[in-house]
Amino acid sequence: MSRSLPLTRSVLADTLAEATPNQLDLIERWFTAELDSREQSRRARLLKQAGFPADKTLDGYDWTNLNMPADWGREQLENLEFISRCEDLVLYGSVGTGKSHLAIAIGRLACARGVPVRFFTATGLLMRLRRAQQENRLDRELAGIGKAGLLIIDEFGYLPIDEEGSRLLFQIISDSYETRSIIYTTNIEFSGWGRVLGDKNMAAALIDRTVHHGRLIRFEGRSYRSQHALMTK
């Protein structure tokens, strides 16, 4: 019956006006449970749509190897104010220093707070866009990605990008400028982005947009995986 009868304000108002204290208590608990259930379902849906490759959180995360901007730090990162301001983050450092872990953890935290997130590796995103272009549904794909409040591009620069791929990636980034936040994880400094994209002018435009409303977080130290590897030399 509840599925086929959405609440009507006037009927609800009349019911509440005539309800006994015990009935009001039951209605309040019922509504609270329903709202909690809907919120849990929404969070689960956001996590599924985000496409995270692993279940990473900030619990126990090692912050000691992070070099944050002077006027910005862990508190600002955890409260997600950069998302509401449509600011970007570049997580830069060597392989295995915790960049992807932090990006995923922040993305999952955003989902828990009701922010739509999309996670891609740079290679995976380009493959997805190329396939959409071949199937004449690129606009629809871009619109779908554009619904996110936070876009995470992991492993940017790990593989070179051809001219077509650079144009597609630049379109995503241009569409996101001042409308949503992007988190990049990369082991390539800005001076090498032109080499990755194969176009210095496009790289300069991309960097210009990122730096304008973005912050650089440097990851230092040795690879976590190397330090905890089962295989030894």
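The model shown is predicted, which means the values in this text are computed figures rather than measured ones.

Asks: Would you explain the domain arrangement of the chain in this entry?
Replies: Under the domain assignment, the chain is made up of domain 1 (9-49) and domain 2 (51-228). The gap between the C-alpha centroids of domain 1 and domain 2 is 38 Å. Opposite the six residues of domain 1 that make contact, domain 2 presents ten residues. Carbon and sulfur atoms make up 53% of the surface buried where domain 1 meets domain 2, a total of about 630 Å² over both sides. Of all residues in domain 1, Leu46, Leu47 and Gln49 give up the largest surface area on contact with domain 2, accounting jointly for 72% of the area buried on that side.

Asks: What exactly am I supposed to notice about the side chain of serine 181 here?
Replies: Tracing the sequence through the fold places serine 181 in strand 5 (residues 181-186). A distance of 3.0 Å separates a polar atom in the side chain of serine 181 from the backbone oxygen of phenylalanine 82. The residues contacting serine 181, other than those within four sequence positions of it, are Phe82, Ile83, Cys86, Glu87, Asp88, Gly149, Leu150 and Leu151.

Asks: Could you clarify how one ought to interpret the pairing of strand 5 in this entry?
Replies: Each regular strand displays side chains that alternate between the two surfaces of the sheet. With respect to burial, strand 5 is a largely interior element, six of its six residues being buried. What you see with strand 5 is no split at all: Ser181, Ile183 and Thr185 on one side and Ile182, Tyr184 and Thr186 on the other are buried throughout. As paired elements, strand 4 (residues 150-156) and strand 5 share five bridges and run parallel to each other. Among the inter-strand pairings, leucine 151 is bridged to a residue of strand 5, identified as isoleucine 182.

Asks: Before we go on, may I ask you to explain helix 8 (residues 163-176) in this structure?
Replies: Given 3.6 residues per helical turn, the α-helix brings residues three or four places apart onto the same face. For helix 8, spanning 14 residues, the distance from its first C-alpha to its last is 20 Å, which sits close to the expected 20 Å at 1.5 Å a residue. Positive phi appears at glutamate 178, one or two residues downstream of helix 8, with a value of about 65°.

Asks: Quick question: what am I supposed to make of the UniProt feature "domain: AAA+ ATPase" (unreviewed entry) in the chain here?
Replies: UniProt annotation of "domain: AAA+ ATPase" (unreviewed entry) refers to residues 85-218 when read in the numbering used here. The straight-line gap between the two end C-alpha atoms of residues 85-218 is 21 Å; of that span, 51% is helix and 22% is strand.

Asks: What is the right way to look at the sheet that holds strand 2 (residues 88-93) in this model?
Replies: Where strands meet in a sheet, backbone hydrogen bonds hold them as pairs that are either parallel or antiparallel. Read from one edge to the other, the open sheet built from six strands follows the order 1-6-2-5-4-3, with strand pairing classed as mixed. The open sheet has two edge strands, strand 1 (66-67) and strand 3 (117-121), and neither has a second partner. Along the sheet, helix 8 makes contact with strand 4 and strand 5, crossing strand 4 at roughly 145°.

Asks: Honestly, the pattern of salt bridges in this entry has me stumped. Any pointers?
Replies: Should the charged atoms of two oppositely charged side chains come close, the side chains can pair. Taken as a whole and judged by the stated rule, the model has eleven salt bridges. A salt bridge links glutamate 87 to arginine 215; the nearest nitrogen and oxygen atoms lie 2.6 Å apart. Linking glutamate 87 in the loop between helix 4 (81-84) and strand 2 with arginine 215 in strand 6 (residues 214-219), this pair joins segments that are 128 residues apart in sequence. Overall, glutamate 87 belongs to the buried group, its relative accessible area being 13%. Between glutamate 141 and arginine 128 there is a salt bridge, and its shortest N-O distance comes to 2.4 Å. Taken together, the positions of glutamate 141 in helix 7 (residues 138-146) and arginine 128 in helix 6 (residues 122-134) put the pair 13 residues apart, joining distant regions of the chain. According to the relative accessible area criterion, arginine 128 is partly exposed, its value standing at 29%. Here the salt bridges do not stand alone but share partners, grouping Arg128, Glu135, Arg137 and Glu141 into one network.

Asks: What is the right way to read the pairing of strand 3 from this model?
Replies: Within strand 3, four of the five residues are buried, which leaves the element mostly enclosed by the surrounding structure. Here strand 3 runs beside strand 4; their pairing, made up of five bridges, is parallel. Across the sheet, the residue bridging to threonine 121 is aspartate 154, located in strand 4.

Asks: When you look at the environment of leucine 77 in this model, what are you seeing that I'm missing?
Replies: Note that leucine 77 resides in helix 3 (residues 74-78). Sequence separation between leucine 77 and valine 90 is 13 residues; the distance between their C-alpha atoms is 12 Å. Apart from the residues lying within four places of it in its own chain, the contact partners of leucine 77 are Trp63, Met68, Trp72, Phe82, Leu89, Leu102 and Ile106.

Asks: What is the right way to read a nonpolar patch on the surface from this model?
Replies: Among the surface-exposed residues, Val95, Tyr158 and Leu159 lie close enough to one another that they form a single nonpolar patch of about 260 Å² accessible area. By the secondary structure assignment, leucine 159 is in the loop between strand 4 and helix 8.

Rules and cut-offs
Residues numbered from 1 in each chain as written. Predicted model: local features only at pLDDT ≥ 70, side-chain atom pairs only at ≥ 80, totals over all residues. Heavy atoms only, no water. Domains from an automatic or database assignment. Contact = heavy atoms within 4.5 Å. Buried area = accessible area lost by both parts, 1.4 Å probe. Helix = DSSP H or I, 4+ residues; strand = E, 2+ residues; numbered from the N terminus. Polar contact = N/O pair within 3.5 Å; in protein donor to acceptor, adjacent residues only side chain to side chain. Buried < 20%, exposed > 50% of the residue type's maximum accessible area, 1.4 Å probe, protein only. Pairing = 2+ DSSP bridges. Expected span 1.5 Å × (residues − 1). UniProt positions renumbered as here; feature names shortened; annotations may be inferred. Axes fitted to C-alpha atoms, helices over the stretch in contact; angles between N-to-C directions. Salt bridge = Lys/Arg side-chain N within 4 Å of Asp/Glu carboxyl O. Patch = residues over 30% accessible without salt bridge, like charges linked within 9 Å, V, L, I, M, F, W, Y side chains within 5 Å. Areas by Shrake-Rupley, 256 points an atom, 1.4 Å probe, with all protein chains shown as cover.

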